[in-house]
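Each chain, written out:
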Amino acid sequence: THNNTTLTCLTSGLSSALWGRSTTPPAITTLSVPSACIFCSSSGAGGWSPMVTDQEPWLQVDLREQMEVTAVATQGRYDSWDWVSSYLLLYSDTGRAWKQYRHEDGVGRFVGNGNSESVVQNKLSHPVRTRFLRFVPLDWNPSGWMGLRVEVYGCSYKSYVADFDGRSSLLYRFNQKSMSTVKDVISLRFKSHQAEGVLLHGEGQRGDYITLELHRGRLDLYLNLDDSRARFSSHRVPVTVGSLLDDQHWHSVHIERFNKQVNLTVDSYTQRFQTKGEGHSLEVDYELSFGGIPLPGKPGTFLRKNFNGCMENLYYNGINVIDLAKRRKPQIHSGNVTFSCSQPQLVACTFVSSSSSFLSLPSASPAVGGFSVRFQFRTWNPEGLLLSVQLNPDPQQLRLQISNSWLRLTLHTRRAECASVSDGLWHSVSLDARNLQITLTVDNEPSSTIELWEQVQSRGSFYFGGCAATAPDCQGFAPAFQGCMRLIFINSQLMNLSHVQQGLLGNYNELQFDTCNIKDRCLPNLCEHGARCSQMWSSFSCDCSGTGYAGATCHNSIYESSCEAYKLSGSSSGFYFIDPDGSGPLGPTQVYCNMTEKKVWTVLSHNSTAPVTVQTSSLQKPHVMIFNYSASAKQLRAIVSGSEQCQQEVVYNCRKSRLFNTKDGSPLSWWLDREGEKRSYWGGFLPGVQQCSCSLEENCIDMNYFCNCDADTDTWANDTGVLSYKDHLPVSQIVIGDTDRMGSQAVYHIGPLRCYGDRSIWNAASFYQESSYLYFPTLQAELASDISFYFKTSAPSGVFLENQGLKDFIRVELSSPSVVTFSFDVGNGPAVLSVKSHVPLNDRQWHYVRAERNAKEASVQVDQLPLRFLEAPADGHLRLRLSSQLFVGGTASQQRGFLGCIRSLTVNGVSFDLEERAKMTPGVSAGCPGYCTGSSSLCHNRGRCVEKSNGYICDCSQSAYGGTTCNQEVSVSFDRESSVTYTFQEPFSVMQNRSSQASTSSTDSRAREDVALSFVTSQRPAMLLTVSTFSQQYIAVILATNGTYRNHTWKCCSCASVFFVNANFKNMNMLLVGKEGELNNILDIHRKYTLSSDAELILIRSLTLGKVTRMENFDEEVIQGASKGFIGCLSSVQFNHVAPLKVALTNRGSSLVTVRGPLVQSNCGALAESHTLQVPAVCHLSFSPFGSVLMLFPYLSITRPSSSVVTAVVFITVCALAVVIRLVYQQRRAQRSSGSIKEEHRHSMYTDYRTELHLHNPVRDSVKEYYI
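An unreviewed UniProt entry annotates the protein as Contactin associated protein-like 5a of Astatotilapia calliptera. In UniProt, the protein has this text filed under Subcellular location (unreviewed entry): "Membrane". Under the UniProt heading Sequence similarities (unreviewed entry), the note attached to the protein is "Belongs to the neurexin family."

What follows is the structure in structure tokens.
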């Protein structure tokens, strides 16, 4: 039996008594608390302690009336070994329906005592107004038993309550016909067990309206201020806040509006927004209604369900509406409203475990001719067993379960399905076995039935939520239900769950009674950058599709931060997406990276690229051109500030069109900088000097003027200058004001914004004293943080960075010569992640470190070593609360400091200026000595610069190229029987490799695969490259047979995606050909194109160049190409950080490489480059779970006098190959719509080891064919 002792407290604060069975008689003790806040005071020895035989005991406090509770305190039992070390706190208005208190970050566990005498106080982050409190012990002294003395802190408060029955409302009538307000403040508290209902409504003849509505358990606010579009629109879009608000507990609402700015707060969540429309005031006619819309036929109103529940302390602009109604004031009309809260309390139970929770109940009474079951439930989970029962005659079993979010009723092979139910809302289920059929009804929707041959009756107990281990024929069908149930009827009799809890009825396991402990893990949405959050009972996941970000919470940008970073990764000139603030809020933007010069230029174009001719403009009516760039203003600012230098050319051709007035020198034409400030200098000079470039160069056509155009001649003149003051760039607008005279004319051209250099990549500091450090402001990294940097050192250990709070901290350090450790504490205890290198890291070479922590997991990576992951606890603390300064290169204690160099330190996309801070810090110097420190590219094509005592060498082991600087192509001649197979040492999942402590729920983590190769061949078809996996997936690169793409139709199949590239001598074009062969689109080959699917490349087994001998599960087109092999030259083949062709030549005896047929090293790659025009073709692709094929398709045959050779150089770069393979994938495959090609620009990293993902719309999963 249970020993649920109730503690009755007197509000006078005099004494309280403990009743019930315990190991000691009731006693009284005293805690020291402020007398003004004492609710319960006890003095003396003893305390509460349940019997050892009590199951799931708790201690309940009755405050006699509603109080505002702000804190609780606990002690152990007096002079004993009995105390509670952690507990849950529940609260209730009535003592029947309970809700678990959760802290600000969602944690429900309270820290208790470590002995029997000390007092531990826990302040509530948000006060609760309640009458009953329940303390539920979780952990206690393992050498003793549970023991509690408790104290409750808080204050009384006055409450005005109104009860609405679903047909009632309160009308607050104005003293005038209409009320127009520019400021409104509305506040109230409500509770309801229904998910629908209007709380507030008002409208005016002008079309203004305000409606506050409970809809699907969330709160919607509709607000219109003189917006005609919203007035006549049939689809009004609300602002939505909150979730699960139909839980029978009080929720607070606060609305503040000033003009068009609105703050909507529900409990502790606030949504800030601005209303649309032209108006700044809210005009409401006659009245405001609370609790419903009394006249749904009024113009502009929309029919909604009235509110059914209680409201408390309802204020409208300082007016206590409920108080006026209670005092029967004439401006208030109350219809069927009572002034006490008498809502029914619907007692629920929570099924906690997905593996072992169940509730078994006997049949209420033998039903003649069948049986019936009714109940309500709510859950987030897409799978779970709701009900199972054995049937007579013959052993039969009826199962009601959630499958793929749908409700499914199964009897042997017969089944019936109903609506989707995994949305967190309450759903009513009725199951009735009568008249030779079983009828299933959900939420009063149309019923589904299973026809019977004979009448059935229930046999034995009804199992809800799961099955007992001893239950016959009940195991293995579905996971147990995780969620809440209430109002369980069997044969029309309500089951008393209190009797179940007391052991008087049925049986149960892993249940929580009197509470529905459901939690919305997507509120607040912890998915970043606009990603979509989805959830199950104990976890949430983020869909990063289309965001440009990856990771568990979509925190990491999949793009580089600059063109300089692309260059360092071995990329060539082209269009790219860059993300200037990395994981910050700005997002990616498209730029052109010009890498043909010594400097790497980032080029951002605008909307006016052609020269513009201007006539008839004057200062009164000037010509104005606004420049819109391919990036936002914030992105432009970030790109400019992060670059070493920026410039923008301004060309002004004039004929009788002056730039400055000759009399007073005031400008006749000017331009606006990025902040909209007026500027009148025209290049070559610092701001404020109204001159042109010719004045600086002393070559103006008339030296009496500072600009050529100011000479005001009838002939054409030119003032061209380069603007290079970074703080003013780019040009946002130009104004021309002197072309209104006879013969006046001007032609101007504003060039694109051009920047070079990345200030952060080589921004470094050298630490040469162990006690020295750099300090920066406190990290702003409560919910998510990523830290990346490079280091080199000869010291065996040292702290890279550290930031501390009162208890929380975050630290990255070199803990031993070969181990980097990432440690932190957010309130769940210290978490430690370490990466151990097989070679020492204190080798005076640059090493890369990246550490990340978010709400789902933490990770750390060093160089190309496997990523180490640690999953965050499901209900643990989330917020990292730091207060001290950030220390770089040391700690606040000046111990374990780092000796060496740190560069390119970035935290959450913000680059730290180490050099500037080092200039003013003793023991630290700006920059870092050595050859491999500057921005000059000493090693090419992913080669790594290695410091030596008297110089440097290039490590080309991770590059497909050779030579002293990794710029010599490694080429091999193949014949038809030649092949090179590279077998990976283990199932290749480097990007997802996790430690023994790794997260097991991150199956949605995506990886990227980088592939690059060059080839020369005269053969068609030809097999270039094949990658196969242990899971029978593959990707193949094939040269197709002919170029008649318009008349060639490829049949669809279910096992592959087929891609083709068409090439001709002058250029390369990509073409997407649909199912019937029609031409859909022509794309530019210089860009990257993404073909997305819904699959993931899992456990890579091998990579083969040339002929393939093992062709199981291959598609017909692949088999045809594989059998032909490859005749020609392959060069510079790279797959991620593996160069298989190079390994085959330099490690002939390696067990990783298998060579078949003749294989001859050649310089054919260099020869092809000197004799042919090579144009890189770049594609992104994702593939089906069974395979993908990239087929290279020559569009025109290229003939030379000596031979007929088709030459194409294809760099298949950064192939994003990762998507979740679901168990139900094959069922969905045929239903998916055709895929889409999205244009992107290729992405790679400083190194190839970053785990990243780019999800796109699913590609058609049956037959997927693309001619590119």
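On we go.
## Some thoughts on the packing of aromatic side chains
Evaluated as defined, the whole model comprises 35 aromatic pairs. A centroid spacing of 6.2 Å and a plane angle of 85 degrees characterise the contact between Phe190 and Phe307, whose relative ring orientation is edge-to-face. In this pair, Phe190 is assigned in strand 11 (residues 183-191) and Phe307 in the loop between strand 19 (282-290) and strand 20 (308-316), connecting sequence segments 117 residues apart. Phe307 shares its class with Phe190; the two are buried. For the ring pair Tyr773 and Phe887, a centre distance of 4.8 Å and an interplane angle of 80 degrees mean the geometry is edge-to-face. Here the residue Tyr773 occupies a position in the loop between strand 54 (764-767) and strand 55 (774-776), and Phe887 occupies one in strand 64 (residues 886-888), the gap between them amounting to 114 residues. On the basis of relative accessible area, Phe887 is assigned to the buried category, the value being 9%. These aromatic residues form a ring-pair network of at least three members: Phe351, Phe375, Phe377, Phe464 and Phe481. In this structure, Arg903 is placed above the aromatic ring of Tyr790, and the distance from its NZ or CZ to the ring centre is 4.1 Å.

## A look at the sheet that holds strand 15 (residues 239-241)
On the basis of which strands lie adjacent, the open sheet formed by seven strands has the order 15-14-13-12-19-10-22 and antiparallel pairing. At either margin of the open sheet sits one strand with a lone partner, and together these are strand 15 and strand 22 (332-335). Going across the sheet, the axis of each strand differs from the next one's by a mean of 20 degrees, ignoring polarity. Relative to strand 22, strand 10 (residues 169-181) is paired through four bridges, and the arrangement is antiparallel. Pairing of Ser169 across the sheet is with Gly335, part of strand 22.

## Let's talk about the nonpolar core
The biggest cluster of nonpolar side chains holds 47 residues, and the ones touching the most others in it are Phe627, Tyr652, Leu659, Trp682, Ile734, Tyr748 and Leu753. In terms of residue count, strand 47 (residues 645-655) provides more of this core than any other element does, four residues in total. With 42 residues, the next largest nonpolar core counts Leu411, Phe462, Ile488 and Met495 among its residues.

## Some remarks on the pattern of salt bridges
For the coordinates displayed, the defined rule picks out 39 salt bridges. Between Asp786 and Arg850 there is a salt bridge whose closest N-O contact spans 3.8 Å. Taken together, the positions of Asp786 in strand 56 (residues 785-792) and Arg850 in strand 61 (residues 847-853) put the pair 64 residues apart, joining distant regions of the chain. The pair formed by Asp786 and Arg850 is uniform in burial state, with each residue classed as buried. Shared partners join several salt bridges into a network, and the residues in it are Glu104, Glu782, Arg879 and Arg881.

## Remarks on the state of the cysteines
Each disulfide is one covalent bond, formed between the sulfur atoms of two cysteines. If you walk through the whole model with that rule in mind, you get 13 disulfides. Paired by a disulfide, Cys654 and Cys709 hold their sulfur atoms 1.9 Å apart. Because the sign of the S-S torsion sets the handedness, a value of about -100 degrees for the bond joining Cys654 and Cys709 places this disulfide among the left-handed ones. Note that Cys654 is positioned in strand 47 and Cys709 in the loop between helix 6 (693-696) and strand 50 (717-723), a separation of 55 residues in sequence.

## Quick word on the side chain of Thr793
Counting through the fold element by element, Thr793 comes out in the loop between strand 56 and strand 57 (798-804). The residues contacting Thr793, other than those within four sequence positions of it, are Leu814, Leu841, Asn842, Asp843, Arg844, Phe898, Leu899 and Gly900.

## A closer look at helix 5 (residues 633-642)
Every buried residue belonging to helix 5 is among Gln635, Leu636, Ile639 and Val640, and all of these are buried. Taken down its axis, helix 5 places every buried residue within 130 degrees of arc, on the same side. Where helix 5 is buried, its residues touch strand 42 (574-578), strand 43 (589-594), strand 44 (601-604), strand 47 and strand 53 (753-756).

## Re the environment of Glu947
By secondary structure assignment, the location of Glu947 is in strand 68 (residues 944-948). Its relative accessible area of 13% is what places Glu947 among the buried residues. The sequence separation of Glu947 and Asp843 amounts to 104 residues, and the corresponding C-alpha distance is 9.2 Å. Contact partners of Glu947, with chain neighbours within four places excluded, come to Lys792, Arg844, Gln845, Gly930, Tyr931, Cys932 and Thr933.

## A look at the sheet that holds strand 60 (residues 831-836)
The strands making up a sheet associate through hydrogen bonds between their backbones, and the pairing can be parallel or antiparallel. If you walk across this open sheet you meet the six strands as 55-64-57-58-59-60, and the pairing is antiparallel. Two strands lie at the open edges of the sheet, namely strand 55 and strand 60, each paired on one side alone. Direction aside, neighbouring strands of the sheet carry axes that sit 15 degrees apart on average. Pairing between strand 58 (residues 809-816) and strand 59 (residues 819-825): seven bridges, direction antiparallel. Residue pairing in the sheet places Phe809 in a bridge with Asp825 of strand 59.

## Some remarks on the environment of Ser669
Relative to the elements of secondary structure, Ser669 occurs in strand 48 (residues 669-672). Here the alpha-carbon distance between Ser669 and Ser680, two residues 11 residues apart in the chain, equals 7.3 Å. Discounting residues that sit within four places of it in the chain, Ser669 has contacts with Tyr652, Arg658, Leu659, Trp682, Val735, Ile736, Gly737 and Asp738. Polar contacts involving the side chain of Ser669 include one to the main-chain amide nitrogen of Gly737, which spans 3.3 Å.

## Overview of the environment of Gln648
With respect to the helices, strands and loops of the structure, Gln648 is situated in strand 47. For Gln648, a relative accessible area of 1% gives the class buried. With 74 residues separating them in the primary sequence, Gln648 and Val722 have C-alpha atoms 5.5 Å apart. Setting aside chain neighbours within four positions, we find Gln648 in contact with His606, Tyr629, Gly721, Val722, Leu723, Leu729, Pro730, Val731, Ile750, Gly751, Pro752 and Leu753. Within the local environment of Gln648, its side chain forms a polar contact with the side chain of Tyr629, the two groups lying 2.7 Å apart.

## Some remarks on the pairing of strand 63 (residues 868-871)
Here strand 62 (residues 857-862) pairs with strand 63 via four bridges, running antiparallel. Across the sheet, Ser859 pairs through a bridge with Phe869, a residue of strand 63. Adjacent in sequence and paired antiparallel, strand 62 and strand 63 are bridged by five residues, among which Asp863 carries a positive phi angle near 50 degrees.

## Notes on unusual backbone geometry
Here the amide bond leading from Leu523 into Pro524 is cis, since omega sits at -5 degrees, within 30 degrees of zero. For Pro524, the location among the structural elements is in the loop between strand 37 (511-513) and strand 38 (532-535). Of note, the amide linkage connecting Leu729 to Pro730 takes the cis form, showing an omega dihedral of 0 degrees. Tracing the sequence through the fold places Pro730 in the loop between strand 50 and strand 51 (733-736). Of note in this structure, His529 is not a glycine but carries a positive phi near 60 degrees. On the secondary structure map, His529 appears in the loop between strand 37 and strand 38. Despite not being glycine, Ser904 shows a phi value in the positive range, around 55 degrees. Classification of Ser904 by relative accessible area gives buried; the value is 7%.

## Some words on the side chain of Thr891
Checked against the element boundaries, Thr891 lands in the loop between strand 64 and strand 65 (900-907). Overall, Thr891 belongs to the buried group, its relative accessible area being 2%. The residues touching Thr891, leaving out its near neighbours within four places in the chain, are Tyr773, Val799 and Glu802.

## Observations concerning the confidence of the model for the protein
With 78% of its residues at a pLDDT of at least 70, the protein reaches an overall mean of 78. Scored below 50 in pLDDT, residues 987-1007 makes 64 contacts in the model with residues more than four places away or belonging to other chains. Confidence over residues 1043-1094 falls short of pLDDT 50; this stretch has 204 contacts with residues more than four positions distant or in other chains.

Reading the values: the criteria
Residues numbered from 1 in each chain as written. Predicted model: local features only at pLDDT ≥ 70, side-chain atom pairs only at ≥ 80, totals over all residues. Heavy atoms only, no water. UniProt positions renumbered as here; feature names shortened; annotations may be inferred. Phe/Tyr/Trp six-rings, centres within 6.5 Å; stacked < 30°, edge-to-face > 60°. Helix = DSSP H or I, 4+ residues; strand = E, 2+ residues; numbered from the N terminus. Buried < 20%, exposed > 50% of the residue type's maximum accessible area, 1.4 Å probe, protein only. Lys NZ or Arg CZ within 6 Å of the ring centre and 35° of its normal. Pairing = 2+ DSSP bridges. Axes fitted to C-alpha atoms, helices over the stretch in contact; angles between N-to-C directions. Core = buried A, V, L, I, M, F, W, Y, C linked by side-chain atoms within 4.5 Å. Salt bridge = Lys/Arg side-chain N within 4 Å of Asp/Glu carboxyl O. Disulfide = S-S within 2.5 Å. Contact = heavy atoms within 4.5 Å. Arc of directions from axis to C-beta. Polar contact = N/O pair within 3.5 Å; in protein donor to acceptor, adjacent residues only side chain to side chain. pLDDT = per-residue confidence, 0-100.

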